[in-house]
Amino acid sequence: LFCKFVTGELATDVVAESDSSFAFRDINPQAPTHVLVVPRNHYANVAELAAASASETAGVFQLAAEVAKREGIADSGYRMVANTGPAAGQTVFHTHIHVLGGVSMSWPA
Ligand SMILES: [Zn+2]
């Protein structure tokens, strides 16, 4: 599914992008701000991304930080989540970072 987002085949609410990654709103938001950041190249999960490319890994986190600034949650605080594997609830196997904010959260969950 995300590969189609990445190639622009599906309309998405893109909120930020860079050469190596882009960010769009989750269609089923779990917080007032819920944005997904994905690398343009395909990696199944964040471990595969990290093993393959330090620059693309950095790019994803840099864009996530930029999203937090643009969404106005950088100062109040926000969460970055990379669910990895079925037991963690990963359901789309094109790696993505959730940026969640705009609400006070507890930990864990
Ligand atoms: Zn993919």
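Each value, and the rule that gives it
Residues numbered from 1 in each chain as written. Predicted model: local features only at pLDDT ≥ 70, side-chain atom pairs only at ≥ 80, totals over all residues. Heavy atoms only, no water. Pairing = 2+ DSSP bridges. Helix = DSSP H or I, 4+ residues; strand = E, 2+ residues; numbered from the N terminus. Axes fitted to C-alpha atoms, helices over the stretch in contact; angles between N-to-C directions. Contact = heavy atoms within 4.5 Å. Expected span 1.5 Å × (residues − 1). Buried < 20%, exposed > 50% of the residue type's maximum accessible area, 1.4 Å probe, protein only. Core = buried A, V, L, I, M, F, W, Y, C linked by side-chain atoms within 4.5 Å. pLDDT = per-residue confidence, 0-100.

## Focus: the sheet that holds strand β4 (residues 78–81)
Next up, step 1: If you walk across this open sheet you meet the five strands as β1-β2-β3-β5-β4, and the pairing is antiparallel. Taken across any chain shown, the strands that pair with only one partner, and hence form the sheet edges, are β1 (14–17) and β4. Each neighbouring strand pair of the sheet contributes to a mean axis angle of 20°, computed without reference to strand direction.
Next up, step 2: Its contacts with the sheet put helix α3 (residues 54–70) on β1, β2 (21–25), β3 (33–39), β4 and β5 (97–101), and the angle it makes with β3 is roughly 155°.

## Brief notes about α3
Every α-helix carries 3.6 residues per turn, so stepping three or four residues along brings you back to the same face.
Next up, step 1: For α3, with 17 residues, the first-to-last C-alpha span of 24 Å sits near the 24 Å given by 1.5 Å per residue.
Next up, step 2: Every buried residue of α3 is accounted for by Glu56, Thr57, Gly59, Val60, Leu63, Ala64, Val67 and Ala68.
Next up, step 3: Those residues of α3 that are buried lie in contact with β1, β2, β3, α2 (46–52), β4 and β5.

## Details of the pairing of β3
Next up, step 1: The element β3 is extensively covered by neighbouring structure, given that seven of its seven residues are classed as buried.
Next up, step 2: Burial along β3 is two-sided: Thr33, Val35, Val37 and Pro39 and His34, Leu36 and Val38, pointing in opposite directions, are all buried.
Next up, step 3: Pairing of β2 with β3 involves five bridges; the strand directions are antiparallel. Within β3, the residue paired with Arg25 across the bridge is Val35.
Next up, step 4: The sheet contact formed by β3 and β5 spans five bridges and is antiparallel. By the bridge assignment, Thr33 is partnered in β5 with Gly101.

## Overview of the nonpolar core
Next up, step 1: The biggest cluster of nonpolar side chains holds 16 residues, and the ones touching the most others in it are Ala23, Val35, Val37, Val67 and Val99.
Next up, step 2: Only β1, β3, α2, α3 and β5 provide two or more residues apiece to this core.
Next up, step 3: Among the elements that make up this core, the one with the highest residue count is α3 (five residues).
Next up, step 4: Filtering out sequence-adjacent residues up to four positions away, Val67 remains in contact with Val15, Ala16, Ala23, Val35, Val37 and Val99.

## Remarks on the confidence of the model for the chain
Next up, step 1: Averaged over every residue, the pLDDT of the chain is 91; the share at 70 or more is 91%.
Next up, step 2: Taken element by element, the chain is modelled with least confidence in helix α1 (residues 2–6), mean pLDDT 70, and with most confidence in α3, mean pLDDT 98.

## Some thoughts on the environment of Val35
Next up, step 1: With respect to the helices and strands, Val35 occurs in strand β3.
Next up, step 2: Val35 sits 37 residues away from Gly72 along the chain, and the two C-alpha atoms are 13 Å apart.
Next up, step 3: Once residues lying within four places of it in the same chain are set aside, the contact partners of Val35 are Val15, Ala23, Phe24, Arg25, Asp26, Val67, Ile97, His98 and Val99.

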